[in-house]
Structures are given as C-alpha cells and as structure tokens.
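Each chain, letter by letter, is given below.
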Amino acid sequence: MASDGARKQFWKRSNSKLPGSIQHVYGAQHPPFDPLLHGTLLRSTAKMPTTPVKAKRVSTFQEFESNTSDAWDAGEDDDELLAMAAESLNSEVVMETANRVLRNHSQRQGRPTLQEGPGLQQKPRPEAEPPSPPSGDLRLVKSVSESHTSCPAEELRRLSWSGIPKPVRPMTWKLLSGYLPANVDRRPATLQRKQKEYFAFIEHYYDSRNDEVHQDTYRQIHIDIPRMSPEALILQPKVTEIFERILFIWAIRHPASGYVQGINDLVTPFFVVFICEYIEAEEVDTVDVSGVPAEVLCNIEADTYWCMSKLLDGIQDNYTFAQPGIQMKVKMLEELVSRIDEQVHRHLDQHEVRYLQFAFRWMNNLLMREVPLRCTIRLWDTYQSEPDGFSHFHLYVCAAFLVRWRKEILEEKDFQELLLFLQNLPTAHWDDEDISLLLAEAYRLKFAFADAPNHYKK
C-alpha cells in the first residue's frame, strides 16, 4: 500500500498551461531510480566513508540493465517464469480447434471459408471432430491458475487461447503476462511490493512533469489521452489522471523510447479488465469508475502499469526512434500477403496503395483502432497465450485481417476509396465469434508459414 506522502502526490493535479502545438516526443530522460534505495523505501542510510573513494562507473551493459530494468528482482520464481515463457501451445490441438472454428462458421453461414490464395497449401482436416476446449468451465480455469501443479503455465495457456471467462480474466492476465508468480502463496506479497514500488516512482518522479526537460513529454500525453476511445471511459477525470501518471512514469523509466503516440492505447485493455473485477458493466465501453473506492483505483493503476510494462518489454523496438520494429513488421506483412493472396497484393500495388499507409496503425496500436474494445480484450486473451503473441503472432493476425476483406478490396478501383476503406474497416458490430474466426485463420497462416522462411522469398 502506498505511503501517505505517495498518496498525497498521487492525487495532486497539474494546473500548468498547455501550449497549442506539439510534436512526437522521443527519449524522455531521467536518471534511473531504485525505490528500494531512494525516497520513501529507504530504510537505512549508509555512512559516508571517511576517506575519499573514487566513484564506481557502470562499466557493463548488464550493470546498466540491472539499474534501469522494471523487471522482477533476480531470482524470484525464475524457474516458473522461464517455464511460462518457454511453454508453447500444443500445435495439433490448436490447429484442430482452428479448423473446427472455420468449419463450423462456414456451415452456419452457408459460405466457404476465408480465401486462402495460391500461396497457402492447407493441411488435410481431421475427419473426427475434436473435443471442445473447456473454456467455459470457470472452476477448471480457476483451479489451473491457482494450482501448485508442476506445469501450470502450459495448461493455463491452452485454456486461455480460446478466450478467458470474464470472472477469472483479471487474475489470468496477471499470470500470463508474467506480472504475478505461478506460486499462489507468493502472490499477495508480490502485489504489495510492486504496488508500493510504483507509488514510490510517482512520489519521486511525477512532480518533475512540469520541469523543462520533461514538459514536452507530459504535454504530449496530456493532449493524446482525450483523443483515445472509448470517450465515455477516458474522459472521466479520475481515469484521465490515472492514464497520465502511468504513461509519464513509463516514459521516464524507459528513456530509450520515451513516450510515443500509440503507447497510450495499450493502457486501456488492462485498466478495463482489472476494474471490471470490482464493478458490473454491460459494455466495457461504458465503465463508470465513480463508485470505485480510491484504494482500489490505486491498486488497479499499479497493476495496469506493470502489466503494460511487461507487454512493452517485448515490442519496445516499435517505439524507439524511427520505430524500426514497425517498419520491419509492415514489410514482413507485405511479403506475407504477397504469398497468401497474390491477387489482393497485386491489386493494392496496381492502385499504388502502400502497406505503410494503413498497416502502420495496425502495428502501432495492435489493431485497437480497427476493432471495438470488447474485441481487443478477446484478442489479447490469445495474444497472451501465444509465445511472442504481441509481436510475432500479431503479424499473422494482421495478414488474416487484411485477407478477410478480400472481396471488398478487389471491388474498389480507386486509390482514394480503397485507402479510405482500409483505414475505416466496418468492424463496429464485431463480436467474439468474429475474433475467434480471425484468430483461427491467423493460426493456420502461422502453422503454414512461421517455420518456412522461403515463403517470404519471391
């Protein structure tokens, strides 16, 4: 729990005047801060040596990394976390599930499956209908997430791939992201320590948001947040302040990238999932936080910060200067689509539509601007169940997403109309079934192409 001093700073609001024009902010700078050695968590002060001692210089990257990393303390649940990171889904089980989703959907709709194109050779589908995954059994999911079995991570990922029931989603996301340890007895202490650490960051850093060196970073965050969706959630004053603190602290703690537009969207799914543990909401877009106790909001804020940080650890090259990770992924998407559906690829090329013009946002915002928030949450269930889900598997989801609109793309013969369509795809009424179909198709693409690099070569 945060100290009284941290809480006081936590609720303090800025009254600074904001200039009208801004630009991208890269590389927010601040010396690394370790709350266990500074500020409110300082238990004892080492005595100064009586004789001058030459300051020790950080001489290795490992030392620098240990001073600046937001990851867990070394040695905590190493075996469990490494196992969670290393475990992958049983490919046969998921492939069968993917095929079943596509087949059932086609039978209900009375139309063929998504166009595969000439580049994809589909494997024969099994004759026997595989058993349905027990994703709806809340007791099973809860027992797996809280069990002491020797291999809980593999089972939890398998169950979560097809969607996580709402009541257990908050705990499951914290486990899948690596924020909480698999050992159930260690979770309360871990939560308390990480929440305390986050509020120490706020107490130490947040007052610096109006300093000249940081004001551009804070100004950009302050301007970007009201532009986010859903407006009914984001424009609530308490939510706006929480998002400002999370993004500013993350930018200060990660000077290699600082704050870049697009990172702000990645806060929303975690915040909404965690707060829905305490309130009932028919639609996630209309969550009202006014009745949530301040103490609960504090803990949700800290949990959101750490889980978002875990996500960004795997895709930070998307947001470093010139965003090389996104540039590379868009290029890979172009090459992949050219093999999956050459006709769609050639149509885009003939009308001079460049993939960067529409797919940059798909990578920068992880499709959050393309599908409703409820669909993003379902999508992230699977992303967190897949190894490198937010980076590697996302590429195949984007490819399946583009080919999903094959008919509409080929009907457009004008550059402007084609680009407008790709930037405003009609997904407002999508639901979990649409996302399940998209993920099944993406997994088939991954199964066919991920281990075949020659597919990328023309």
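Residues numbered from 1 in each chain as written. Predicted model: local features only at pLDDT ≥ 70, side-chain atom pairs only at ≥ 80, totals over all residues. Heavy atoms only, no water.

Under an unreviewed UniProt entry, the name given to the protein is TBC1 domain family member 22A, and the organism recorded is Homo sapiens. Regarding the protein, the relevant UniProt record gives this comment under Function (unreviewed entry): "May act as a GTPase-activating protein for Rab family protein(s)." (UniProt positions renumbered as here; feature names shortened; annotations may be inferred.)

Student: Let's hear about the environment of Val 296: which residues, and what values?
Tutor: Along the chain, Val 296 falls in helix 13 (residues 294-313). You can call Val 296 buried: its relative accessible area is 18%. C-alpha separation for the pair Val 296 and Ile 275, spaced 21 residues apart in sequence, amounts to 8.6 Å. (Helix = DSSP H or I, 4+ residues; strand = E, 2+ residues; numbered from the N terminus. Buried < 20%, exposed > 50% of the residue type's maximum accessible area, 1.4 Å probe, protein only.)

Student: Can you break down the environment of Pro 293 residue by residue, with the values?
Tutor: Positionally, Pro 293 belongs in the loop between helix 12 (267-275) and helix 13. The exposure class assigned to Pro 293 is partly exposed, which follows from its relative accessible area of 48%. Note: C-alpha distance between Pro 293 and Tyr 278 (15 residues apart in sequence) is 9.6 Å.

Student: Any chance you could break down the pattern of salt bridges for me, citing the residues and the numbers?
Tutor: Applying the stated criterion to the full structure yields 16 salt bridges. Arg 369 is paired through a salt bridge with Asp 265; the nearest N and O atoms lie 2.9 Å apart. One end of the pair, Arg 369, is in the loop between helix 16 (356-364) and helix 17 (373-383); the other, Asp 265, is in the loop between helix 11 (237-253) and helix 12, with 104 residues separating them in the sequence. Here Lys 407 and Glu 411 are joined by a salt bridge, their closest N and O atoms 2.9 Å apart. Of this pair, Lys 407 and Glu 411 both sit in helix 19 (residues 406-411), separated by four residues, roughly a single helical turn. What makes Lys 407 exposed here is its relative accessible area of 57%. (Salt bridge = Lys/Arg side-chain N within 4 Å of Asp/Glu carboxyl O.)

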